[in-house]
Amino acid sequence: MSQRFSKITRRLGILVTVAAAFVVAAPAAAAPNNGTPPGEPNNKKVTVMTRNLYLGTGLTDIVTAPTLPQFVEAVTRARQNVIETDFAARADALATEIQQAGPDLVGLQEVSLWRTQTPADLTGTPNATTPFQDFLAILQSELAERGLAYTAVATSTNADVEAPYLDPAAPVNPVLGLPLSDIRLTDRDVILARSGVATANPQNGHYAAQLTVPTAAGSTVSFTRGWTSVDATVNGASFRFFNSHLETESPVPAIQVAQGAEALGIVTASPLPVIVVGDFNSDAAGTTTPTYANLIAGGLVDAWPAANRNDPGLTCCQNELLTNPVSENTTRIDLVLTRGDWQAKKVSTVGAAPFRNAPAPLWASDHAGVVAELKLK
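Residues numbered from 1 in each chain as written. Predicted model: local features only at pLDDT ≥ 70, side-chain atom pairs only at ≥ 80, totals over all residues. Heavy atoms only, no water.

**So, the nonpolar core**
For the record, the criterion: Only buried residues count toward a nonpolar core, which is a set of Ala, Val, Leu, Ile, Met, Phe, Trp, Tyr and Cys residues joined through side-chain atoms within 4.5 Å. The rule is simple: take the accessible area with a 1.4 Å probe, protein chains only, and divide by the maximum for that residue type; under 20% is buried, over 50% is exposed, in between is partly exposed. Here a strand is any run of E in DSSP of at least two residues, a helix any run of H or I of at least four, and the numbering for each starts at the N terminus. Any two residues whose heavy atoms approach within 4.5 Å are treated as being in contact.
Counting residues in hydrophobic clusters, the biggest one holds 42 residues, and the most contacted among them are Leu-108 and Leu-192. In terms of residues, this core owes the most to one element, helix H4 (residues 87-101), which gives six residues. Dropping the residues within four chain positions of it, Leu-192 is found in contact with Asp-104, Leu-105, Val-106, Leu-108, Leu-136, Leu-139, Gln-140, Leu-143, Tyr-150, Thr-151 and Ala-152. Counting residues in hydrophobic clusters, the runner-up holds 25 residues, among them Ile-191, Ile-275, Ala-303 and Leu-376.

Next up, the structure:
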């Protein structure tokens with residue numbers, strides 16, 4: 001099984017029209033300045049971040065389990081992995097990254113919402129409601145502890161799946177003869193806006209092309225992928241901020257390519273300049289799918305090479321339990337792209353080193369994030 005197929009199954013789904021007035025062009029006799037008063041510098045600087053939070057476990061064994069008992073065992077291990085990868089500790093590191101970078105807008109992927117119910121109903125219908133871990137609430141709490149106010153201004157609810165796991169505290173299920181509860185994963189893409197950033201016109205949607213796979217439980221799972229956007233005004237720059245998480249390239253590359261084409265169509269239809277962020281699962285080096293090349297050929301500009309000549313900027317991926325002391329990132333799939341007259345002033349990775357030496361988890365996510373300081377010329 002290829003590393004890329006392992007990554008897809010890990011994901012489970014993996015799984016503004018502006019309120020302010022448009023900038024008025026300066027009179028013909030004056031030097032063009034995109035609305036900046038004559039004699040004053042153009043300060044239309046915007047700082048953005050993209051961050052895949054990592055749902056906390058790999059899911060290869062679940063998707064490939066050949067029998068129902070093995071399927072239940074794999075779900076049980078995955079639940080334990082989510083506990084061991086300790087999102088509370090990782091959220092502390094992620095909040096520190098945000099505090100130090102000070103982004104105006106943050107595009108988040110894999111913003112997992114885990115819920116449970118006892119006993120398991122074995123229907124396959126995602127109906128568990130007892131909170132287990134809410135990554136968004138945990139991260140926002142860590143930000144608030146630092147005196148930072150970041151509000152979720154746009155959300156896409158994507159894959160929503162549920163499966164049984166072994167729970168000694170649960171009653172024995174009469175069908176399988178095992179004590180079972182259900183665990184539910186809801187995947188989300190979220191845009192956070194810093195307090196003081198004016199936003200409007202939040203939008204979200206799902207792509208037409210989606211990956212669906214069968215499971216040993218007798219059901220199929222849709223790896224629903226989506227996108228979010230919001231219009232914003234920062235330092236006099238009015239633009240649209242677009243955030244997405246595309247499918248991986250295996251086992252059906254055409255699905256990711258189709259999603260990339262749809263995303264490009266949405267972005268290029270914007271009447272405003274656009275900043276595009278996300279996990280695109282297409283290596284910028286061109287070693288996987290043509291999605292990255294298609295986005296660039298479609299008119300988007302990659303901020304990373306515009307600001308960094310020699311740094312490969314690798315962003316993916318650490319191991320399943322985040323225990324590796326040395327980075328295993330080999331590809332650059334987390335991107336900041338632009339459409340319009342943007343200049344990349346500074347672009348850097350965050351989370352590209354362990355946030356602690358011990359105990360595990362050592363990494364804030366299995367991905368590194370990207371922070372870009374951009375200027376609308």
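Moving on, there is more to tell.
**Quick word on the sheet that holds strand E12 (residues 237-245)**
Selection rule: Strands pair, by our definition, only if DSSP identifies at least two bridges between them.
Ordered by their spatial adjacency, six strands build an open sheet running E8-E11-E12-E13-E15-E14, and the pairing between neighbours is mixed. Two strands lie at the open edges of the sheet, namely strand E8 (198-206) and strand E14 (301-302), each paired on one side alone. As paired strands, E12 and strand E13 (residues 274-279) are joined by six bridges and run parallel to one another. Bridge assignment links Arg-240 to a residue of E13, and that residue is Val-274.

**With respect to the environment of Pro-171**
Relative to the helices and strands, Pro-171 is located in the loop between strand E5 (150-166) and strand E6 (172-173). Given a relative accessible area of 44%, Pro-171 falls into the partly exposed group. Residues Pro-171 and Ala-120 lie 51 residues apart in sequence; the distance between their C-alpha atoms is 8.9 Å. Those residues in contact with Pro-171 that sit more than four places away from it in its chain are Thr-118, Pro-119, Leu-178, Pro-179 and Leu-180.

**Observations regarding the state of the cysteines**
Note the following rule: Criterion for a disulfide: a pair of cysteine sulfur atoms within 2.5 Å.
Evaluation of the coordinates by the stated rule reveals one disulfide. Disulfide pairing is shown between Cys-316 and Cys-317; the S-S distance is 1.4 Å. Here Cys-316 and Cys-317 share a disulfide; its torsion about the S-S bond, -55°, makes the bridge left-handed. By the burial criterion, Cys-316 is buried, and Cys-317 matches it.

**Regarding helix H6 (residues 253-268)**
Short version of the rule: One fewer than the residue count of a helix, multiplied by 1.5 Å, yields its expected span.
Look at H6: 23 Å from first C-alpha to last across 16 residues, which is about the 22 Å you get at 1.5 Å a residue. Of the positions making up H6, those classed as buried are Ile-255, Gln-256, Gln-259, Gly-260, Ala-263, Leu-264 and Val-267. The inward-facing, buried residues of H6 contact strand E9 (211-214), E12, E13, helix H7 (291-297) and strand E15 (334-339).

**Let's talk about the environment of Thr-76**
Worth spelling out the cut-off: By the criterion applied in these results, polar contacts are pairs of N or O atoms within 3.5 Å in which, for protein atoms, one can donate a hydrogen and the other can accept it, and in which residues neighboring in sequence qualify only through two side-chain atoms.
Structurally, the position occupied by Thr-76 is in helix H3 (residues 68-84). Note on Thr-76: relative accessible area 22%, which makes it partly exposed. Separated by 107 residues in sequence, Thr-76 and Ile-183 place their C-alpha atoms 9.1 Å apart. Excluding residues that lie within four positions of it along the chain, Thr-76 makes contacts with Tyr-165 and Leu-166. A distance of 2.8 Å separates a polar side-chain atom of Thr-76 from the backbone oxygen of Val-72.

**A look at the pairing of strand E7 (residues 178-194)**
Within E7, 14 of the 17 residues are buried, which leaves it mostly tucked inside the rest of the structure. Both strand E2 (residues 105-109) and E7 contribute to a ladder of four bridges, which runs antiparallel. Note that in E7 the partner of Gly-107 across the bridge is Ile-191. Sheet analysis places strand E3 (residues 113-117) next to E7, joined by five bridges and oriented antiparallel. Bridging across to E7, Gln-117 finds its partner in Asp-182. Sheet analysis places E6 next to E7, joined by two bridges and oriented antiparallel. Its bridge partner lying in E7, Val-172 is registered against Pro-179. What sits between E6 and E7 in their antiparallel hairpin is a turn of four residues, with Gly-177 showing a positive phi close to 70°.

**Comments concerning the packing of aromatic side chains**
Inclusion rule: Side-chain rings of Phe, Tyr and Trp (the six-membered ring for Trp) are treated as a pair once their centres are within 6.5 Å; stacked means planes under 30 degrees apart, edge-to-face means over 60, and tilted covers the remaining angles.
By the definition in use, this model includes three aromatic pairs. Both rings, one in Phe-87 and one in Phe-135, keep their centres 3.9 Å apart while their planes meet at 5°; by these two values the pair is stacked. Residue Phe-87 is located in helix H4, and its partner Phe-135 is located in helix H5 (residues 135-145); the two are separated by 48 residues in the primary sequence. We note that Phe-87, like Phe-135, is buried. For the pair Phe-239 and Trp-342, a centre-to-centre distance of 5.5 Å together with 85° between the ring planes defines the contact as edge-to-face. Taken together, the residues Phe-239 in strand E12 and Trp-342 in strand E16 (residues 342-350) connect sequence positions 103 residues apart. Here Phe-239 matches Trp-342 in class, with each residue buried.

**What to know about the layout of surface pockets**
Using a probe with the size of a water molecule, rolled over the atoms, empty space left in the structure can be pinpointed. Put simply, the test is: Definitions used for this entry: grid spacing 1 Å over protein atoms alone; cavity, a set of points where a 1.4 Å probe fits but cannot get out; pocket, an open set with protein on both sides within 12 Å along at least 5 of 7 lines; lining residue, one with an atom within 4 Å of a point. Grid points are joined across faces, edges and corners, and a volume is the space filled by probe spheres set on the points.
What the largest pocket holds in volume is close to 490 Å³. Surrounding the largest pocket, 30 residues form its lining, Phe-71, Glu-162, Ala-163, Pro-164 and Ser-219 being those nearest its centre. For the lining of the largest pocket, the elements supplying multiple residues, two or more each, are helix H2 (60-64), H3, E5, E7 and strand E10 (220-223). No other element matches the five residues that E5 contributes to the lining of the largest pocket.

**Looking at the pattern of salt bridges**
Defined as follows: Salt bridges are defined by distance alone: a side-chain nitrogen of Lys or Arg within 4 Å of a carboxyl oxygen of Asp or Glu.
For the coordinates displayed, the defined rule picks out 11 salt bridges. Arg-77 is the partner of Asp-61 in a salt bridge, and the nearest nitrogen-oxygen pair spans 3.3 Å. Residue Asp-61 is found in helix H2, and its partner Arg-77 is found in helix H3; the two are separated by 16 residues along the sequence. On the accessibility criterion, Asp-61 (43% relative accessible area) is partly exposed. The partly exposed category is assigned to Arg-77, whose relative accessible area is 42%. With a shortest N-O distance of 2.8 Å, Asp-302 and Arg-332 are connected by a salt bridge. Taken together, the positions of Asp-302 in strand E14 and Arg-332 in the loop between helix H8 (303-307) and E15 put the pair 30 residues apart, joining distant regions of the chain. Here Asp-302 matches Arg-332 in class, with each residue buried. Linked through salt bridges whose partners overlap, the residues forming this network are Asp-92, Glu-142 and Arg-146.

Distances and angles like these do not, on their own, reveal function.
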